[in-house]
Amino acid sequence: MRTGFEDWDFFLSILGTDRRIAIVPEPLVEYRTAEASANVRSMEHRLELYGRLIDKHREVFAANLRTALLAHESHARELLNRWEQLLVADPSIPVGEITYGDGGMAAAVRVASARRR
């Protein structure tokens with residue numbers, strides 16, 4: 001993992017040894033980045049790098065699949081809620097293409113209903 005996601009690789013390696021990682025509520029370091037940093041550049045290859053992490057740490061991902069997918073879905077719902085709030089607050093913003101199977105259709109109905117009020 002020399003082209004990005006080295007920190008994820010490290011933490012996943014720790015998890016693979018039956019150890020635990022905890023998130024502390026307060027920042028312990030100051031992280032800064034610049035446009036030319038490896039962190040920003042790695043986002044151009046995010047899916048490839050993430051796929052390599054999954055392949056390398058398959059057992060860790062399998063053991064935590066349910067928790068990870070539910071956390072991802074929870075975050076996606078938060079983003080969808082923010083999108084709805086923006087559209088309701090400013091009716092000049094077009095709804096755009098409505099998606100199905102991911103809550104997009106239900107969101108579009110909620111936005112349309114709120115805009116009619």
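Above this text sits the structure in question.
What counts, and at which threshold
Residues numbered from 1 in each chain as written. Predicted model: local features only at pLDDT ≥ 70, side-chain atom pairs only at ≥ 80, totals over all residues. Heavy atoms only, no water. Salt bridge = Lys/Arg side-chain N within 4 Å of Asp/Glu carboxyl O. Helix = DSSP H or I, 4+ residues; strand = E, 2+ residues; numbered from the N terminus. Buried < 20%, exposed > 50% of the residue type's maximum accessible area, 1.4 Å probe, protein only. Patch = residues over 30% accessible without salt bridge, like charges linked within 9 Å, V, L, I, M, F, W, Y side chains within 5 Å. Areas by Shrake-Rupley, 256 points an atom, 1.4 Å probe, with all protein chains shown as cover. Phe/Tyr/Trp six-rings, centres within 6.5 Å; stacked < 30°, edge-to-face > 60°.

> Any chance you could explain the pattern of salt bridges here in plain terms?
Two side chains carrying opposite charge are able to pair once their charged atoms lie near each other. Enumeration over the complete set of coordinates arrives at three salt bridges. Among the salt bridges present, the one from Asp9 reaches Lys56, with a minimum N-O distance of 3.0 Å. In this pair, Asp9 is assigned in helix 1 (residues 6–15) and Lys56 in helix 3 (residues 46–56), connecting sequence segments 47 residues apart. The exposure class of Asp9 is buried, given its relative accessible area of 11%.

> Got a minute to help me understand a nonpolar patch on the surface in this structure?
Taken together, the side chains of Phe10, Phe11, Leu15 and Ile21 make up a nonpolar region of the molecular surface, amounting to roughly 360 Å² of accessible area. Tracing the backbone through its elements, the reader meets Ile21 in the loop between helix 1 and helix 2 (38–42).

> Just to check I follow, could you spell out the packing of aromatic side chains for this structure?
The geometry of an aromatic ring pair comes down to the distance between the two centres and the angle between the two planes. A complete count under the given rule lists four aromatic pairs for this structure. Taking 5.0 Å as the distance between ring centres and 45° as the angle between the ring planes, the aromatic pair formed by Phe5 and Trp8 counts as tilted. By relative accessible area, Phe5 is classed as buried at 7%. Taken together, the ring pairs in this structure connect Phe5, Trp8, Tyr50 and Phe61 into an aromatic cluster.

Functional significance is not addressed by these values, which are geometric in nature.
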